[in-house]
Structures are given as structure tokens and as C-alpha cells.
Amino acid sequence: MESIYKYICKNIQNNGKLKDGFNLDIYNNSNGELKFAPGALDGINYYHSKIETDEELVNYIVEKFKEVNGENIEETANQIVEYFNNSEKRVLATIDNILEWIIENKDVIDFNSVFRLALYLVIESTSIEALKIAIGIIGLIDLSNEKELIDVLIRLALYDEFTLYAMVALGNLENANDIRFMLIKKVNGWGKIHLLNTIQVTNDTIKEWLIINGCKNEVHLGYTA
């Protein structure tokens, strides 16, 4: 199956937006009949629920980080993808714990291999949740001079399921607010809601656009009013 990133890239239009109605349903491993809009399940949990850290998930991912080395990056990535594709695990409440573990143990693990694992997953993953973790790991480094990686994260942010994660990863860039403003004009679902909560009104152009267009979204006006 084609990777999520490549599938997204293939569906970006000349105006920089994803095609109307674009989704990743073909990658959704949920057995439930109810289908959520892109980013909806994370959005509902983020704004309305208190969800507990999944310790089993943390322990599994941590073990993979301990095992990964320069020789088994692809194999480890495939194991992580298979783990998520054979379960209904979600990373929203757990990703911070995973990233904190990496930071606390950066001197005792092979961080270079962990980072290369994340790069591989970002480009090749067929698991939505594994891709979210990979985005988080990439955000641990200084991206100031990593234009290609920044562009990859921006493309992923066009899809509402990944907007929140990508913008956290890009958040330390000097031009992070400019990126938010560029993206907020290209997404109209949960991604727009996340962006509205973090964008800074630094000039009249942003202020005018938000006044005229800020409230419009495909989820519910209550989130943006």
C-alpha cells in the first residue's frame, strides 16, 4: 500500500490545498461502523475529554526505541506500523510521555537511530498513529535549517488529522506564526480550529482575514466564534 505521506502529496492541488473530500479512510483500521471526520476523534478528546496515558503503548514504543539501531530501522518501523494496524491504539494522550522519555534518555539511547526511524515513518508509514509519533520526534530537533523537513511537515499539516501534531513540531521556528497563517487558509476542519487557538494576531492582514474568514469551518461554529 502507498504510504500516507505519498498519498497526501499526490492529492495536493495547485492552490496548495487537498482535494475536496480527501480522507485517509483506506488507512483506518477501526472496526467500528462510525466514521469520524479527519481529526475529529482527536479533536473531541482534546477539547472535551480527559483521557489517560496508555502505559502499554508507552512501554511498547520505548522498547522499540531501545532496540533500534542503524541496521534495523526499516524492520523496527514495520513492527510499529503493524502494532498500530492490528489495534485501535491512539497516541493523543500518550505522545507527550513518549517524547519526554526520549528527552530524559537521550544520552543512553541511540538517538540518531530513533530519529532516522522517525524520518522513515514520516515518509513510509501506512499507520496514521505511528506517523503522529514520528512527527513528534522530528519536532525534538532544531528545524531552523531543515527546509526539506519543514516542507514535509507543512504538507502533512494540510490534513486535519495531522495539523495539530505538525504545528507543535514546527512551533519553535521563528516564522511559525507565518506558517500558521498560511495553513489556516488551506484547512477548514479540525486543523483550522487548532490553528485558531495558537495563531498570534501580529499585523492587520492577519486581523482582517480572521475577522472575515476566521469563524468559517466544517466542524461547528462554536469552536471558532
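Whatever comes next refers back to the structure up there.
The written sequence of each chain sets the order in which its residues are numbered from 1. A pLDDT threshold of at least 70 governs which residues receive local features in this predicted model, and a stricter bar of 80 or more applies before side-chain atom pairs are shown or counted, although totals over entire chains, interfaces and linings include all residues. The basis for every side-chain value is the complete set of non-hydrogen atoms in the structure, without hydrogens or water.

Engineer: Break down the overall build of the chain for me, with residues and values.
Structural biologist: Secondary structure elements are defined from DSSP: runs of H or I of at least 4 residues count as helices, runs of E of at least 2 residues count as strands, and each element is numbered from the N terminus. The number of helices and strands found in the chain is twelve helices and zero strands. N-terminal to C-terminal, the α/β element order of the chain is α-α-α-α-α-α-α-α-α-α-α-α. For a compact globule the rule gives 2.2 Å times the number of residues to the power 0.38, and the radius of gyration it is set against comes from C-alpha atoms. Radius of gyration (C-alpha) of the chain: 17 Å, near the 17 Å computed for a compact globule of 225 residues. Here the C-alpha coordinates of the chain stretch approximately 50 × 45 × 35 Å along the principal axes. Here the chain holds 225 residues, and 48% of them are scored as buried. Expressed as a percentage of contacts within the chain between residues at least 6 apart in sequence, the contacts between residues at least 24 apart total 68%. Computed with the Shrake-Rupley method and a 1.4 Å probe, the accessible areas treat only the protein chains shown as cover for residues. When the accessible surface of the chain is totalled, it reaches about 12000 Å², and 46% of it is carbon and sulfur. Neither His nor the chain termini are counted; the positive set is Lys and Arg, and the negative set is Asp and Glu. Lys charges are placed at NZ, Arg charges at CZ, Asp charges at CG and Glu charges at CD. Distance between charge centroids for the chain: 7 Å, based on 21 positive and 34 negative side chains. Buried means the residue's accessible area, taken with a 1.4 Å probe over protein chains only, is under 20% of the maximum for its type, while exposed means over 50%, and partly exposed covers the values in between. Any two residues whose heavy atoms approach within 4.5 Å are treated as being in contact.

Engineer: For the pattern of salt bridges, give the residues involved together with the corresponding values.
Structural biologist: For this document, the term salt bridge refers to a Lys or Arg side-chain nitrogen within 4 Å of an Asp or Glu carboxyl oxygen. Per the stated rule, a full pass over the model turns up 13 salt bridges. Between K10 and E2 there is a salt bridge; the shortest N-O distance is 3.0 Å. Residue E56 is joined to K89 by a salt bridge in which the shortest nitrogen-to-oxygen separation is 3.4 Å. With E56 in helix α3 (residues 55-67) and K89 in the loop between α4 (73-85) and α5 (95-104), the pair connects residues that are 33 residues apart, well separated along the chain. Relative accessible area serves as the criterion here: at 18%, K89 is assigned to the buried category. Each of the salt bridges in this network shares a partner with another, and the network as a whole consists of D42, R90, E129, K132 and E161.

Engineer: Give me the nonpolar core: which residues, what numbers.
Structural biologist: The tendency in soluble globular proteins is for nonpolar side chains to be buried as a group. Residues belong to a common nonpolar core when they are buried Ala, Val, Leu, Ile, Met, Phe, Trp, Tyr or Cys residues joined through side-chain atoms within 4.5 Å. Ranked by size, the top nonpolar core spans 71 residues in total, and within it L24, L156 and F162 carry the most contacts. Considering every element that reaches this core, the biggest residue donor is helix α7 (residues 128-138), with eight residues. Leaving out residues up to four positions away in the same chain, L24 has contacts with I4, Y7, I8, I128, Y159 and F162.

Engineer: So, the packing of aromatic side chains: which residues are in play, and what are the values?
Structural biologist: Stacked, tilted and edge-to-face are the three classes assigned to paired rings of Phe, Tyr and Trp, where Trp is represented by its six-membered ring and a pair needs centres within 6.5 Å; plane angles under 30 degrees give stacked, over 60 edge-to-face, the rest tilted. Applying the stated criterion across every chain, the model contains nine aromatic pairs. Between the aromatic rings of Y7 and F22, the centroid separation amounts to 5.2 Å while the plane-to-plane angle is 40°, which identifies the pairing as tilted. Taken together, the residues Y7 in helix α1 (residues 4-10) and F22 in the loop between α1 and α2 (40-48) connect sequence positions 15 residues apart. Given a relative accessible area of 12%, F22 falls into the buried group. Arranged with centres 5.8 Å apart and planes meeting at 55°, the rings of Y7 and Y27 form a pair that is tilted. On the criterion of sequence distance, the pair formed by Y7 in helix α1 and Y27 in the loop between α1 and α2 is long-range, its members being 20 residues apart. Comparing Y7 with Y27, the two get one shared label, buried. Joined through ring pairs, the aromatic side chains of Y7, F22, Y27, Y159 and F162 make up one cluster.

No statement about biological role is implied by the geometric values presented.
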